[in-house]
Amino acid sequence: MPPRFNGARRTRSPNDTDRAVGVKLRKLRTDAGLTLQSLGEQIGVSHQQLQKYETGANRISAGMLPAIADALGVDMMDFFEMAMAPDAHEMSEADQLRRECERLLRRTKSAEDLRAMAKVMKALAK
């Protein structure tokens, strides 16, 4: 018998979160101007497998997600925004802008750039 989680049977089949992550993967890939073939080569999977990830037919493993995020130059949490976030239509404009700022901060790796960003934000907050 499969293990249970919160009283429900767990399954290895893709769920709504897996499908939302796949949708986000496709958006990030196309925004980066990458084909299925080129991203697949970077992360070591076939374009067919990558397409299955994007359509939600197959789940992305925890080991594969960091490789995909790295190849796309994004933070792993970017994949979960759609799955965890309320509908953008339900969010205030300020909350949507706050979320955009958070995404930009997470993607910035340089301490020097982060310092500059913090300086600008502090100046605007006064």
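Structure report, in brief. (Residues numbered from 1 in each chain as written. Predicted model: local features only at pLDDT ≥ 70, side-chain atom pairs only at ≥ 80, totals over all residues. Heavy atoms only, no water.)

## Some words on the overall build of the protein chain
Reasoning step 1: Scanning the protein chain for helices and strands turns up seven helices and two strands.
Reasoning step 2: Along the chain direction, N to C, the helices and strands of the protein chain fall in the order β-β-α-α-α-α-α-α-α.
Reasoning step 3: Within the protein chain, the proportion of its 126 residues that are buried is 25%.
Reasoning step 4: Across the protein chain, every contact between residues at least 6 apart in sequence was considered, and the portion connecting residues at least 24 apart equals 53%.
Reasoning step 5: Here the protein chain displays about 8800 Å² of accessible surface, and carbon together with sulfur accounts for 54% of that area. (Helix = DSSP H or I, 4+ residues; strand = E, 2+ residues; numbered from the N terminus. Buried < 20%, exposed > 50% of the residue type's maximum accessible area, 1.4 Å probe, protein only. Contact = heavy atoms within 4.5 Å. Areas by Shrake-Rupley, 256 points an atom, 1.4 Å probe, with all protein chains shown as cover.)

## Notes on the nonpolar core
Reasoning step 1: Core analysis: the biggest nonpolar cluster contains 18 residues, and Leu-25, Leu-50, Ile-60, Ile-68, Leu-72 and Phe-79 have the highest contact counts within it.
Reasoning step 2: It is helix α4 (residues 65-72) that provides the largest number of residues to this core, a total of four residues.
Reasoning step 3: The contact partners of Phe-79, leaving out residues within four places of it in the chain, are Ala-20, Val-21, Lys-24, Leu-25, Leu-28, Leu-65, Ile-68, Ala-69, Leu-72 and Val-74. (Core = buried A, V, L, I, M, F, W, Y, C linked by side-chain atoms within 4.5 Å.)

## Examining helix α3 (residues 47-55)
Reasoning step 1: Those residues of α3 that sit buried are Leu-50, Tyr-53 and Glu-54. One side of α3 holds all its buried residues, which, seen down the axis, span an arc of 95 degrees.
Reasoning step 2: Among the structural elements, α1 (16-31), α2 (36-43) and α4 are those in contact with the buried residues of α3.
Reasoning step 3: Of the residues trailing α3, Gly-56 is marked for its positive phi of about 85 degrees. (Arc of directions from axis to C-beta.)

## With respect to the environment of Ser-92
Reasoning step 1: On the secondary structure map, Ser-92 appears in the loop between α5 (81-84) and α6 (93-107).
Reasoning step 2: For Ser-92, a relative accessible area of 37% gives the class partly exposed.
Reasoning step 3: Separated by 3.1 Å, the side chain of Ser-92 and the backbone nitrogen of Asp-95 make a polar contact. (Polar contact = N/O pair within 3.5 Å; in protein donor to acceptor, adjacent residues only side chain to side chain.)

## A few points about the packing of α2 against α3
Reasoning step 1: The geometry of α2 relative to α3 is characterised by a closest axis approach of 8 Å and an angle of 100 degrees between their N-to-C directions. In terms of orientation, α2 and α3 fall into the roughly perpendicular class. Contact with α2, carried on its side by Leu-36, Gln-37, Leu-39, Gly-40 and Ile-43, involves His-47, Leu-50, Gln-51 and Glu-54 of α3 and no other residues of that element.
Reasoning step 2: Its residues assigned to classes, the contact of α2 with α3 shows four nonpolar, four polar and one charged. (Axes fitted to C-alpha atoms, helices over the stretch in contact; angles between N-to-C directions. Parallel < 35°, antiparallel > 145°, perpendicular 65-115°, else oblique. Nonpolar A, V, L, I, M, F, W, Y, C, P; charged D, E, K, R; others polar.)

## Here's the deal with the pattern of salt bridges
Reasoning step 1: In this structure the tally under the stated criterion is six salt bridges.
Reasoning step 2: With a closest N to O distance of 2.5 Å, Asp-95 and Arg-98 form a salt bridge. One end of the pair is Asp-95 and the other is Arg-98, both in helix α6 and three residues apart, which spans about a single turn.
Reasoning step 3: Residue class for Asp-95 comes out partly exposed when judged on its relative accessible area of 35%.
Reasoning step 4: One salt-bridge network, held together by shared partners, links Arg-26, Arg-29 and Glu-54. (Salt bridge = Lys/Arg side-chain N within 4 Å of Asp/Glu carboxyl O.)

Remember, this is a structural readout, not a statement about activity or role.
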